[in-house]
Amino acid sequence: MHRTIMLAVTLAASPMPLVADVYQCTRDGVATFSDQPCGGVSEPVDITTTRVGGRLDTGTDIDTFQPETVSDPETGQTGCPAGYIQSTRLRHLRVKERVQTGMSAGQVRYILGAPHHRDGQWWVYEDRGRETGRYKIQNGCLERIG
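Residues numbered from 1 in each chain as written. Predicted model: local features only at pLDDT ≥ 70, side-chain atom pairs only at ≥ 80, totals over all residues. Heavy atoms only, no water.

As annotated in an unreviewed UniProt entry, the chain is DUF4124 domain-containing protein from Tamilnaduibacter salinus.

Peer 1: Lay out the overall build of the chain in plain terms, naming residues and giving numbers.
Peer 2: Summing up its helical and strand segments, the chain has 3 helices and 7 strands in all. Taken from N to C terminus, the helices and strands of the chain fall in the order α-β-β-β-α-α-β-β-β-β. For the chain, the residues scored as buried account for 18% of the 146 residues in total. Of the contacts formed within the chain by residues at least 6 apart in sequence, a portion of 21% connects residues at least 24 apart. (Helix = DSSP H or I, 4+ residues; strand = E, 2+ residues; numbered from the N terminus. Buried < 20%, exposed > 50% of the residue type's maximum accessible area, 1.4 Å probe, protein only. Contact = heavy atoms within 4.5 Å.)

Peer 1: Please provide a residue-by-residue account of the sheet that holds strand β3 (residues 42–45), values included.
Peer 2: Spatial ordering of the open sheet is given by β2-β1-β3, a layout of 3 strands whose pairing is antiparallel. One side of each edge strand has no neighbouring strand; the edge strands of this open sheet are β2 (30–34) and β3. For this sheet, the mean inter-axis angle between neighbouring strands, taken without regard to orientation, is 30 degrees. Bridge analysis of strand β1 (residues 22–27) against β3 gives 4 bridges, and the strand direction is antiparallel. Along β3, the bridge assignment pairs Q24 with E43. (Pairing = 2+ DSSP bridges. Axes fitted to C-alpha atoms, helices over the stretch in contact; angles between N-to-C directions.)

Peer 1: So what's going on with the packing of aromatic side chains? Which residues, and what values?
Peer 2: Working definition: an aromatic ring pair is given by the centre-to-centre distance plus the angle between the planes. All told, the structure shown has 1 aromatic pair when counted by the stated rule. With a centroid separation of 5.6 Å and 75 degrees between ring planes, the pair formed by Y125 and Y135 is classed as edge-to-face. One end of the pair, Y125, is in strand β5 (residues 122–127); the other, Y135, is in strand β6 (residues 130–138), with 10 residues separating them in the sequence. Of the two residues, Y125 and Y135, both sit in the buried class. Across from the ring centre of Y110, 4.3 Å away, lies the NZ or CZ of R94, which sits over that ring. (Phe/Tyr/Trp six-rings, centres within 6.5 Å; stacked < 30°, edge-to-face > 60°. Lys NZ or Arg CZ within 6 Å of the ring centre and 35° of its normal.)

Peer 1: Give a detailed account of the pairing of β1, specifying residues and quantitative values.
Peer 2: Note that β1 and β2 share 5 bridges and pair antiparallel. By the bridge assignment for β2, C25 is matched with T32.

Peer 1: How would you sum up the side chain of Q107? Please name residues and give values.
Peer 2: Here Q107 shows up in helix α3 (residues 105–112). With residues up to four places along the chain from it excluded, the contact list for Q107 reads G83, I85 and L90.

Written out as structure tokens, the structure reads:
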């Protein structure tokens, strides 16, 4: 008797998958579900259980995105010292109208717009006829803010 109780406790405590049959029944044109067959019009439903838990990080290594290096056809220079700037950061700089040396001419143009005129290698910006900024673009990169 003692062994029977131990066996019952062991079986009750051990993890067992829950398996229950589910049947789809159609009554008066309405589909219902039951754990027992309901008449001659019941069909067993195949249920695939999903394991809950685990971890999101599967330990796989992924390469982080690096933009393709593009060289200037005239100078052979590959990129500007500031390099790639994320689009979100670039938009923040545009809102603040801030540039930094090492940016590409395209990035400067995106942030400040087209220059009002050029003075040699300098891009000159004006507001109502008054100069507001002067930026030296050399080899396609912002070299100096004047």
